[in-house]
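# Reading the structure
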Amino acid sequence: MKERILVVCEKPTAARRIAHALDDDGAPEAYDEGGVPLFIAGRGDFELVVVSALGHLFSIAQDGGKWTYPVYKYSWVPAHDADKRQARTKRFIQAIERASKGATGYVSACDLDMEGSLIAYMVLLNVCGEGSLNEAKRMRYSTLTERDLIRAWEGMSPTLDYPLIEAGRTRHEVDWLFGINLTRALSLSLKNASGIFKTLSIGRVQGPTLNFVKEREVEVKTHVPTPFWVIKAETTIEGRRIPLDYTEARIGKKSDARKVVRACQGKDGVISTVSTRRVEQPPPPPFSLGDLQREAFSKFRYTPRTTLNSAERLYLSTHISYPRTSSQKIPPTIDVRGILEGLRRRKEYTRLAASLLKESKLRPMQGAKDDPAHPAIHPTGTIPGMITGVDARVYDLICRRFMASLSGPALRENVSAKVTVDAEGSNYAFFLRGTKLVEDGWIKFYEPYVKEKGSELPKLSKGQKVPFAKLRSLERYTKPPARFNPGSLLRLMEDEGLGTKATRTDIVDTLFKRGYVKGSTTEITDLGFTIIENLERYVPDILSVEMTRSLEEDMGRIQRGEFSRANAITKTVEVLESTLSGFKAHEVRIGSEISGAITREEERSSYLGRCPGCGDGHLRIIVNKKTGKRFAGCSNYFAGKCTTSYPLPQRGRITTTEISCSECGAPIIKATLRGMSPWELCINIDCPSKRGGSTDE
DNA sequence: GCAAGGTC
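Anyway, here's the lowdown on the structure attached to this text. (Residues numbered from 1 in each chain as written. Chains lettered and ligands numbered in written order. Predicted model: local features only at pLDDT ≥ 70, side-chain atom pairs only at ≥ 80, totals over all residues. Heavy atoms only, no water.)

On to the pattern of salt bridges, then. The full count for this structure, using the stated rule, is 41 salt bridges. Note that arginine 4 and glutamate 47 form a salt bridge whose closest N and O atoms lie 2.9 Å from each other. Here arginine 4, found in strand β1 (residues 3–9), pairs with glutamate 47, found in strand β4 (residues 46–52); they are 43 residues apart in sequence, far enough to count as distant. For arginine 4, a relative accessible area of 22% corresponds to the partly exposed category. (Salt bridge = Lys/Arg side-chain N within 4 Å of Asp/Glu carboxyl O. Helix = DSSP H or I, 4+ residues; strand = E, 2+ residues; numbered from the N terminus. Buried < 20%, exposed > 50% of the residue type's maximum accessible area, 1.4 Å probe, protein only.)

A cluster of basic residues, Lys232, Arg250, Lys470, Arg472, Arg476 and Lys479, forms a positive patch at the surface. Top element by residues in the positive patch is strand β14 (residues 465–477). It accounts for 3 residues. Take lysine 232: its relative accessible area is 39%, and that puts it in the partly exposed class. (Patch = residues over 30% accessible without salt bridge, like charges linked within 9 Å, V, L, I, M, F, W, Y side chains within 5 Å. Areas by Shrake-Rupley, 256 points an atom, 1.4 Å probe, with all protein chains shown as cover. Lys, Arg positive; Asp, Glu negative; His and termini not counted. Charge placed at Lys NZ, Arg CZ, Asp CG, Glu CD.)

The subject of this paragraph is unusual backbone geometry. Residue proline 70 is reached from tyrosine 69 by a cis peptide bond, and omega for that bond is 0°. Tracing the backbone shows proline 70 in the loop between β5 (58–62) and β6 (74–78). Positive phi outside glycine occurs at arginine 301, with the angle close to 60°. Within the fold, arginine 301 resides in the loop between α10 (289–300) and α11 (304–316). Phi is positive for threonine 522, which is not a glycine, with a value near 50°. Here threonine 522 lies in the loop between β15 (517–518) and β16 (523–524). Using a relative accessible area of 3% as the deciding quantity, one classes threonine 522 as buried.

Another aspect to go through is the protein's contact with DNA strand B. The environment of DNA strand B is formed by 38 residues, the closest being Arg184, Phe197, Gln206, Glu312 and Thr500. Glutamate 10 is positioned with one of its side-chain polar atoms (N or O) 2.9 Å from a sugar or linking oxygen of DNA strand B. The element best represented in the surface near DNA strand B is helix α7 (residues 162–194), accounting for 8 residues. For the surface near DNA strand B, the residue count by class is 12 nonpolar, 13 polar and 13 charged. (Near = heavy atom within 4 Å. Polar contact = N/O pair within 3.5 Å; in protein donor to acceptor, adjacent residues only side chain to side chain. Nonpolar A, V, L, I, M, F, W, Y, C, P; charged D, E, K, R; others polar.)

This brings us to the pairing of strand β13 (residues 426–439). Judged from the 2 bridges that link them, strand β10 (residues 240–246) and β13 form a sheet pairing that is antiparallel. Its bridge partner being in β13, tyrosine 246 is matched across the sheet by phenylalanine 430. Following strand β12 (residues 410–423), the chain reverses through 2 residues before pairing antiparallel with β13; glutamate 424 in that reversal takes a positive phi of roughly 50°. (Pairing = 2+ DSSP bridges.)

Structure follows, in structure tokens:
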């Protein structure tokens, strides 16, 4: 009988790769136990039973069931017991339990990070028994290639990485203590003050993220536009109108701007220098998930969620690699040539793929970011049949980006000519700027998605006269900073180290779901603002990125043996003890402020405009409590003064515009149906604007 | 009914 060793992996794909790499013949026996993969591999004198987790199989649950706070007692339990939505994990635990029978050795082969170490530890502790921990070893690999995996097997650590495991447990427990207690404190303040129940969540990542949105809103609202002046000039060379840039893009004083115009008006400028610079533009690296989401937002206005869902579908249908990656690298083990052979079979890529295949060496541009578990997002070379809409565009973006990353740099020639005017004893400088693409390199692969980059100048020479065709100064005003779009908020979180590639999109979604933020420009709501105001008063730490920094520091100290989980938990409970008692003391005030904000927000989002029937009431969206149907009704109805009402679309989302129809005076609403772009319509079905044209029913 | 982190 061979000795049986249980190898615990983090996810099914990893288990498959590990089993294949470690099996002597590269062909392990594969089983499917009700959706849970299991592999038996032979390696020398050992029989390896390779099992898979599905991320975390164990999580934290409160001891006892009361929905109140403070709560400091908790245990690690099977994830399916803590959360109904994790029902799938039950089968994984059961399958691992069966597979572990008769095992005498154990290997943790999860991802080489804190979470991975914890996943395997919890499985061994709770499924295989405490005794298994003493026998357990740790495989350390950073890519799932055969070479790396074999090396990891042979150089296995003789024990589990306890400092890392302890740091991971601490992260979970501290986040749970803060999140559960503060969420309950907020939700219960509202309930006790107004009787309304609404989940008002907050946590280490939600807090600072919401605070960024609030701070940006304050900047937008408090922005004072200050005037500045720009010089607009134009010349005509060889019959072409070309803009001239004045040396100062913004002029602070009106008199200074007018002086320039007065001095140069009617004069000719002279070209004093022409400088030509060749600039190489390296190809972009292949996509990480964040890069893909930002690019899809910028090119197609897809939200990060839409892009992630689409990438997930493309991955499950085998057309692209695993999308939840932070890597911008394609390792040499990936069969780039094979992928291009595949892409060549798709007619829109035939020419491009073929031109790359002619190269003797194909080396993808590598970005700086890496991911221990996955390469950058790339096509697999299997050709999708019919894909349309979002998936087709996301797929095209990925394929073109991948091919672009494999090609050469683009070469541009930038020309800048200095045009001077001597007038009234002073010297004024303007510039003519142009650019020419000398070699298109990667640009021809990525063409539809490359930003337009200026145009070419006619041939210019020193001493050439440049007559001003147009010259004037224009007053402009400084603008407030832009609100976040879904991509820029994710980028800020990434830069600040908030959340992970797998959780950031979910956390932003949560802020929307809670009603803290709204709209495509991520505006803070009254509710979100009031939540922040009250947290600022009683728990300012939860709004600060410093909390994440200090947690990271503590985890580092735990890994170095300078601090312990018990210390970290004691510290957390001490902080919570005092903040939660302060919170409780002011519960009524906090709760009524929040309930006031919810009422204001509801009134605002249901307000349609002045009633065209009576002229003085307000039209609002009213939902019939019995039937759930909605319609527009006048606020004077209950005073018995006005019965004006309009039917509303029953499906989709309605947002108010506060604009009235120019034909009939009824309010215009914006309707959004799932998967369609929003459209604006007048709510009056008898409106003259709807006659004569085609009907949209 | 809650967090943030895995994974699908």
